[in-house]
Amino acid sequence: MFSLEFRDEEIGNVLKVLAQESGRNIIIPDTIAGKVTLSLDKITLNNALDVILRSQGLGYVTDKGVIRIVKLSEAELAGEELLTEIVPMNYARASDLVSQVKGMLSTRGTVSVDSRTNSFIIKDIKNGIEDAKRLLGKLDSQTPQVLIEARIVEANSNFSRSLGIQWGGNYTSGSNTITGGSALGTAPSGNSFAVNLPASGATGGLGMSIGSLSKNLVLDVQLSAAEKTGEVKIVSTPKVTTVNNKPATVSSGISYTVKTTGTTGATGTVTGATTSVTAATSLTVTPQVSSDGHILLTILTSRDEPDFSKTVDGVPGVVTKNASTTVLVKDGETTVIGGLYRNSRGVTNTSVPFFSRIPVVGWLFKSRDRVEENEELLIFITPRIIRSQS
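Below, the structure is looked at part by part. (Residues numbered from 1 in each chain as written. Predicted model: local features only at pLDDT ≥ 70, side-chain atom pairs only at ≥ 80, totals over all residues. Heavy atoms only, no water.)

With respect to unusual backbone geometry
This is how it is decided: We count a stretch as a helix when DSSP gives it H or I for four or more residues in a row; a strand needs E for two or more, and each element gets its number in order from the N terminus.
Positive phi is not limited to glycine here, since D8 has a value of about 50°. Checked against the element boundaries, D8 lands in strand β1 (residues 2-10). In this structure, K42 is a non-glycine residue whose phi angle is positive, near 50°.

Written out as structure tokens, the structure is:
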């Protein structure tokens, strides 16, 4: 029993006196402050602590024989029985919601996750468990699924034209003969060509042989020409389903196996090694469903193709084209991605120096190749929210 009397004294000092007189261990946080005036006669330690601490909005809990001064709300919780409850998750991943659950528990509450059953094991007072269950009931909702329908259109067109000339023969005057060079090939008549610049890719053309009555002059002329046009249209319609905020990827292409060469010091060149080069068109779409039925799409598309005109140790370079965007569309609405367009034109002239620059006659000393290619890639994307029957 205690008899105490203090006037305008710091509460920390009063608690220290109680600890010394009772022989008990008391922990007083630094945040405890305030002054008290009291007069108590023949009162127990517990009653004295209750009266003094409640006047300051404080309380105490006993832990392993040690008295700890705490806020009154925490002291009230300390006296309530702890309960344990298992809360299973249906749609959400329990490990992703641990921090949210901890925020709803009291200072005495604990939470753990059973990954095998995707459940929470919550230990706390009744109110803390109820608050956590209400929060999980709202967070454990079915995640919307989105069907991504894509239509990939690849349009290619090409045009090439080649013009060439071959002519030669021989001229005989007395004992002198002028003819073309044997290294340039011969005409069907057997005469050697003086100019041999045929059109590339041409298998036919116009040919003639001209000779004089005296057989002193024989002239062979062959004009060759080739023209080629082509159009290709490739359409693919992949479909893939993904959940909200998770990327869906579609890829289509071909892998080339090419032979490579390398050197290994004194052993020289090593042949027979191979590597793989992929030419593919890939599409990655990440949907985000809003509450009003709109879908925010983050789209990334790329196209890789090998360039065999530029190789290093037998390995071709890879030409990469990509485009990325973020668009907001309605459920079932279609958006289009374009811009992956390539146009190439080339003209190649093969000629005999000096003679090809002679006006009009110069065409007898040169050939001309013209090539034009156009490529365009269009991607149409239509997202659809998959709604459950319920």
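After presenting the structure, the write-up continues.
Section: the pattern of salt bridges
As a reminder of what qualifies: We count a salt bridge whenever a side-chain nitrogen from Lys or Arg sits within 4 Å of a carboxyl oxygen from Asp or Glu. Residue exposure (1.4 Å probe, protein chains only): buried if accessible area is under 20% of the type maximum, exposed if over 50%, otherwise partly exposed.
Applying the stated criterion to the full structure yields 5 salt bridges. Two residues, E85 and K133, come together in a salt bridge whose shortest N-O distance is 2.7 Å. Placement of E85 in strand β6 (residues 83-88) and of K133 in helix α5 (residues 126-139) is noted, with a sequence separation of 48 residues between them. Judged by relative accessible area, E85 falls into the partly exposed class, the value being 27%. E372 is paired through a salt bridge with R370; the nearest N and O atoms lie 3.5 Å apart. Residue R370 is classed as partly exposed on the basis of its relative accessible area, which comes to 37%. Via salt bridges that share partners, R345, R370 and E372 belong to a single interconnected network.

Topic: the environment of K321
Looking at the element boundaries, K321 is found in strand β18 (residues 315-330). Assessed through its relative accessible area of 16%, K321 is described here as buried. For the pair K321 and R303, spaced 18 residues apart in sequence, the C-alpha separation works out to 5.1 Å.

Thoughts on the nonpolar core
The test is simple: Take the buried residues of types Ala, Val, Leu, Ile, Met, Phe, Trp, Tyr and Cys, join any two whose side-chain atoms come within 4.5 Å, and each joined set is a nonpolar core. In what follows, a contact means two residues having at least one pair of non-hydrogen atoms within 4.5 Å.
If you look at the biggest cluster of nonpolar residues, it comprises 23 residues, and the most contacted ones within it are I11, L38, L49, L53 and I69. Contributions of two or more residues to this core are made by β1, α1 (11-22), β3 (35-43), α2 (45-54), β4 (58-63) and β5 (66-71). Not counting the four nearest positions on each side in its chain, I11 is found in contact with I32, A33, G34, K35, V36, I52, L53, Q56 and L58. Listed in part, the 17 residues of the second largest apolar core include V146, V289, I299 and I385.

Remember, this is a structural readout, not a statement about activity or role.
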